[in-house]
Structure formats: structure tokens, C-alpha cells
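Given next are the chains, with one letter for each unit.
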Amino acid sequence: MELEKLRHGTELIKRGFAKMQKGGVIMDVTTPEQARIAEEAGAVAVMALQAVPADIRKEGGVARMADPQMVAEIIETVTIPVMAKARIGHFVEAEILQALGADMVDESEVLTPADNKYHIDKTGFTVPFVCGARNLGEALRRINEGAAMIRTKGEAGTGDVSEAVKHMKQIHGEVRALKGMTKEEIIAVARTIEAPIELVIETAEMQRIPVVNFAAGGVATPADAALMMRLGADGVFVGSGIFKAENPEKMAKAIVEAVNNYDNPEVLAKISRGIGSGMKGISVDTIPEEQVLQNRGW
Amino acid sequence: MRIGVIAIQGDVSEHVDALERALVERGEEAEIITIKHKGIVPECDGLILPGGESTTLGKLLIREGIADEVLEMKDAGKPIMGTCAGLILLAKEGDEQVARTHQHLLGLMDTKVNRNAFGRQRDSFETELELPFLDTPYNAVFIRAPGIVDSGKDVTVLAKIDSMIVAAEQGNILVLAFHPELTYDTRVHQYFLDKIF
């Protein structure tokens, strides 16, 4: 087999990678030891970052991509895919993460944006990207820039699932509303939500966004994870919810099992017992406007 | 006929869609069931283990009690197809990566696998692959793909990339390192269905 006959970084490969994550739990980790715990619990991937969102929120300052040394050590520690966060618009952080061997880059509002006008042009990268979205227009703009996976923004680091619920319902509601529309009506919607017409038409036909859509931002318990799956998420990101819980090992394993048994309350009841308390959390409506992370990105 | 797709995690709906398209093409009917819990595998005439994360799939196959049912299915001589993670799970032996994560292998095929034989996601690729049961090459999509590094005498090698085996058969079991469910070409699923019908 000649190497030049191998095609790398195609849309099919990038979106295909995201599809392999479906039905799984992706966990935020800050050290190789946490990554090992996540893998042992059954996570489908880990997300490497400097500090979990709850700590970023508490500590303030500028949040950047994780220390490349740490990302490299996490990559060496686990066999499951390693994702890592880059700042919105910071294409060089993304290039560094790609060079390190990260399997997916999260252009994330959890970090301090590097560009207040433009997101990264993700089409030129070999590795796939995941991006946050609050509504259909935002999701399709990110897909148009090359995102191979979407996640709800929710409100990271709060342990309050209400914003993730809002964003998931918002996206699904907008998709449902496209059903039965004429082409001219769909074009009008595309203009209103500032999304490319072709992607809105594709969404209307498929009755879902064209890439995998995960829940993220505030998921803290097995019940939260199951709730997001019931609302139609393809899988779940858990940030601070694992390693800010009383017993991370138990919480991680329970959330993995909850995602596989999301439609069975009897099993969920069993899974949710004896796992210790979840992260303390902070109610979204008590956060000052300037500290709301989901408003970053556009 | 009833065909099961293990639905613990991974690209399950893509396999279901591919099976449905393939059935329409051949003008035959079958019930397709997605399986997350024990008790259903024994009712199936054929089974697919999809792509996903083998570490996660292996753990949950055991926790849910499905692993033993798959072993019984093999003994009953019913066709089983494993793609990507499925190729790993059906193998007898893994590499040091597999051992390090205490990965449980079903051991249905006399094969030794390398979990990420072709590297990380940035090394994932598409290529035209010759398969002995097809007239023209197949656009094969490899995503963090595994490979078979060694196989016993009962294993028939169907395709290789360099020295790595990427498609193989042993009795009623078919394994592929790539993802036929990600393209619209149903010929690999047809080959699998030929074994069931």
C-alpha cells in the first residue's frame, strides 16, 4: 500500500471520529492520574485542561490551553482518545495541540477568548474540532467553520444543569420547527438565525444537526447525565462534576452506567445510591453577567 | 430473521441504517434490534459489534452480562461481524496497551491485535481497499484503527495494509479494522447478510 493513497483529515474521518464517541461520557481531567481514573471508569475519551471549569471560575485570571507537557503525559497514560481545549480564535494553540497528538480540539468558551470576532477556521486542520452552541444558528455556524461535533454550552463549572437543558431543547425545538417548511421559508430562517442555507436545508431534511451533538456544561450527577440523554443528546461531557465530587471514582463509573441506562429509572436508582455527594455547585442565576461563560463566542 | 447491533456505545445508528439500506437493496426483510442489555443476543440470527471505544465497550459488555451471550452465539454458529472496536473485542490476544487497561477480550478469534495500529486521530485515513469478495475496491475509512498483527491457521486473511491485517474471517466471524457503516456503499454489509440469509 502506497502511503500517498491514504487520505487524511477528510470530513468523513473527522465526523466519523465524533460518531465513535456516541453513547459515551467524555470527562475533564487535569492530570495523568485523573485520566487513568476516567479510563478505568469507562469514559470514551478525556478532555485535558489546566483546571476544571469550577476552579477556573473561582481563580479568575486568563485561562489558556493546558500545559503541553501535561497534555503529552496524559496522551502517554491512556489508550482512549485525548481531547484538549484551545481558546476561541487561538489557532496556534490548536496547532500545538494537534502537533502533540490530541485527537480532538475543543474550541472552548471555558477558556478566555483570544479573538473577540472570529472563531478558528477549522477546515484546514487534520484533527477534528468540537465547539459549544446555545442554539441552531450558532451550531450551524460552527459546523460551517469545520466543527465535526457540537456540544451544548450550558454553563460550565456550575454543576447547574439548567442551561444545558435550555440549549439542548432550544436546538431540538428549532430543528423540529423546520419540518414541513417550504424552501423559501427555510431560506428565511437561515437569514434570521445567520446560518448557511445549505446547512439549514440539510438539517431540515435529516431532522437533526448534521454532526454529533453532545450535552455539556453543568452535568454533575448520574441523573443529570440521564436527563440530557433523554432530551436527545448523543453523549455527555462531564467537567467539574467528576473530580469535584466527594468520590470521583464512584461518580465517574456511575455516570458512565447512567448514560447506558438512561431510560431505565429502576437501574438509575440503583446506580445513584452510595456514590457520595456531587460537586457543591453554584446556581446559574446568582452568577454576575460578566462571569457567564456561555456568552463567549457568537 | 433478526439481526442484533450491540448498542452500548459507538456508531450504532450508522450500522442500523446500513443494514436497512442493504436489506432494501436485496429485497429481503429482517428485524433489526439494538442491544444494550442481556437477554436479547440469544434471540438474534446475526450480530454486529460496532465501532466505538473498545475499552468502554469491553467494560460495559461485562457489566451488562452480554459478553457470555456473544460467546454462546459463536458456538451456535451464527454470523457475527465486528468493525474497528469489534475487531479488538473479538480477538484472543491484545498488545501491551490492551493489557494495561485490563481490557477484556472475548477471544472468539485466533488473532492478536494492536489497539491503535495506525496511530492517533491525525493519522486516521481513507483508502481504496481490495477485498476478495468484491469486484472493485472499497472506500475504507480507518479511524484510530486497530490491526491484526498475528493470526492462527483457522483465520482467513481478507485484506492487509503493509504487514497489518485489516480484514479477516474465522468460521462464522467477520472482522474489519475499518468502518463500512460510515459510507453509502453497502457491499460489505451485503456480504455479511449473505451469511445470514
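Rules of the game
- Residues numbered from 1 in each chain as written.
- Chains lettered and ligands numbered in written order.
- Predicted model: local features only at pLDDT ≥ 70, side-chain atom pairs only at ≥ 80, totals over all residues.
- Heavy atoms only, no water.
- Pairing = 2+ DSSP bridges.
- Helix = DSSP H or I, 4+ residues; strand = E, 2+ residues; numbered from the N terminus.
- Buried < 20%, exposed > 50% of the residue type's maximum accessible area, 1.4 Å probe, protein only.
- Arc of directions from axis to C-beta.
- Contact = heavy atoms within 4.5 Å.
- Polar contact = N/O pair within 3.5 Å; in protein donor to acceptor, adjacent residues only side chain to side chain.
- UniProt positions renumbered as here; feature names shortened; annotations may be inferred.
- 1 Å grid on protein atoms, 1.4 Å probe; cavity = no way out; pocket = protein on both sides within 12 Å on 5 of 7 lines; lining within 4 Å.
- Points joined across faces, edges and corners; volume = space filled by probe spheres on them.
- Nonpolar A, V, L, I, M, F, W, Y, C, P; charged D, E, K, R; others polar.
- Axes fitted to C-alpha atoms, helices over the stretch in contact; angles between N-to-C directions.
- Left-handed = near helix turned anticlockwise from the far one by under 90°.
- Buried area = accessible area lost by both parts, 1.4 Å probe.

1. Looking at the sheet that holds strand β8 (residues 138-142) of chain B
On the basis of which strands lie adjacent, the open sheet formed by 3 strands has the order β1(A)-β7(B)-β8(B) and antiparallel pairing. The open sheet has two free edges, formed respectively by β1 (7-8) of chain A together with β8 of chain B, since each of these has just one partner strand. When β1 of chain A meets strand β7 (residues 125-129) of chain B, the two strands line up antiparallel, connected through 2 bridges. Paired with Arg-7 of chain A across the strands is Glu-126 of chain B, a residue of β7 of chain B.

2. A few points about helix α4 (residues 68-77) of chain A
Residues and elements named next belong to chain A. Here α4 has its buried residues at Val-71, Ile-74 and Ile-75. Seen end-on, α4 carries its buried residues on one side only, within an arc spanning 100°. Against β2 (25-29), α2 (32-41), β3 (45-48), β4 (82-87) and α5 (91-100) lie the buried residues of α4. Sitting at the amino-terminal end of α4 is Asp-67, which places a side-chain oxygen 2.9 Å from the backbone nitrogen of Gln-69.

3. What to know about the UniProt feature "active site" (unreviewed entry) in chain A
All names here are of chain A. Mapped onto the present numbering, the UniProt feature "active site" (unreviewed entry) falls on Lys-85. With respect to the secondary-structure elements, Lys-85 resides in strand β4. On the accessibility criterion, Lys-85 (6% relative accessible area) is buried. A distance of 2.8 Å separates polar atoms of two side chains, one belonging to Lys-85 and the other to Asp-106.

4. Here we look at the environment of Pro-128 of chain A
Of note, Pro-128 of chain A is situated in the loop between β5 (104-108) and β6 (129-133). Remark: the alpha-carbon pair of Pro-128 of chain A and Lys-14 of chain A, spanning 114 residues in sequence, is separated by 4.9 Å. Apart from residues no more than four positions distant in its own chain, Pro-128 of chain A is found in contact with Lys-14, Phe-17, Asp-103, Met-104, Val-105 and Ala-148 of chain A together with Gln-121 of chain B.

5. With respect to empty space enclosed by the protein
Residue and element names in this part refer to chain A. Using the criterion set out here, one finds 3 cavities of 30 Å³ or more in the structure. Size it by volume and the largest cavity reaches roughly 190 Å³. Forming the walls of the largest cavity are 24 residues, and the residues nearest its centre are Asp-28, Pro-53, Ala-156, Gly-217 and Gly-239. For the lining of the largest cavity, the secondary structure elements donating two or more residues are β5, β9 (236-238) and α11 (240-243). In terms of residue class, the lining of the largest cavity is built from 9 nonpolar, 9 polar and 6 charged. Put simply, the second largest cavity is a space of about 100 Å³.

6. Section: the UniProt feature "binding site: D-ribose 5-phosphate" (unreviewed entry) in chain A
Residue and element names in this part refer to chain A. In the numbering used here, UniProt assigns the feature "binding site: D-ribose 5-phosphate" (unreviewed entry) to Asp-28, Gly-157, Gly-218, Gly-239 and Ser-240. Of the residues just listed, which span 213 residues, no C-alpha pair is farther apart than 12.2 Å, and they cluster in one region. Set against the largest cavity, the annotated residues that line it come down to Asp-28, Gly-157, Gly-218, Gly-239 and Ser-240. The topology assignment puts Asp-28 in strand β2. Looking at where Gly-157 falls in the secondary structure, it is placed in the loop between β7 (149-152) and α7 (162-177). When its relative accessible area of 10% is taken as the criterion, Gly-157 is described as buried.

7. Things to note about the packing of α2 of chain A against α4 of chain A
Residue and element names in this part refer to chain A. Relative orientation of the contacting elements α2 and α4 amounts to 35°, with a least axis distance of 9 Å. Remark: the crossing between α2 and α4 carries right-handed chirality. Along the contact surface, α2 presents Pro-32, Ala-35, Arg-36 and Glu-39, while α4 presents Met-70, Glu-73, Ile-74 and Thr-77.

8. As for unusual backbone geometry
The phi angle at Cys-84 of chain B is positive, at roughly 55°, despite the residue not being glycine. Relative to the assigned elements, Cys-84 of chain B resides in the loop between β4 (80-83) and α4 (85-89).

9. Notes on the interface of chain A and chain B
On the chain B side, the residues contacting the 47 residues of chain A number 44 residues. Between chain A and chain B, roughly 3,600 Å² of surface is buried when both sides are summed, and carbon and sulfur atoms account for 50% of that area. Here chain A and chain B share 28 residue pairs in polar contact (both at pLDDT 80 or more) between them. Listing elements by their share of the side of chain A that touches chain B, those giving two or more residues are β1, α1 (11-20), α2, α4, α5 and α12 (248-260) of chain A. Top contributing element to the side of chain A that touches chain B by residue count: α1 of chain A, with 7 residues. Tallied by class, residues from the side of chain A that touches chain B come to 21 nonpolar, 15 polar and 11 charged.

10. Comments concerning the UniProt feature "active site" (unreviewed entry) in chain B
Following the UniProt record, one finds the feature "active site" (unreviewed entry) at Cys-84, His-179 and Glu-181 of chain B. These annotated residues cover 98 residues of sequence, and their C-alpha atoms lie no more than 10.8 Å from one another, placing them together at a single site. Lining the second largest cavity, from the residues named above, are Cys-84 of chain B. Exposure remark for Cys-84 of chain B: the relative accessible area of 5% places this residue in the buried category. Apart from the residues within four sequence positions on either side, Cys-84 of chain B is in contact with Gly-51, Ile-143, Ala-145, Pro-146, Leu-176, Ala-177, Phe-178 and His-179 of chain B. Tracing the backbone through its elements, the reader meets Glu-181 of chain B in the loop between β12 (173-176) and α6 (187-196). Setting aside its immediate chain neighbours within four residues, Glu-181 of chain B contacts Met-20 of chain A together with Asp-11, Glu-14, His-15, Ala-18, Gly-51, Thr-83 and His-189 of chain B. Only 3.3 Å separates the side chain of Glu-181 of chain B from the side chain of His-15 of chain B, close enough to count as a polar contact.

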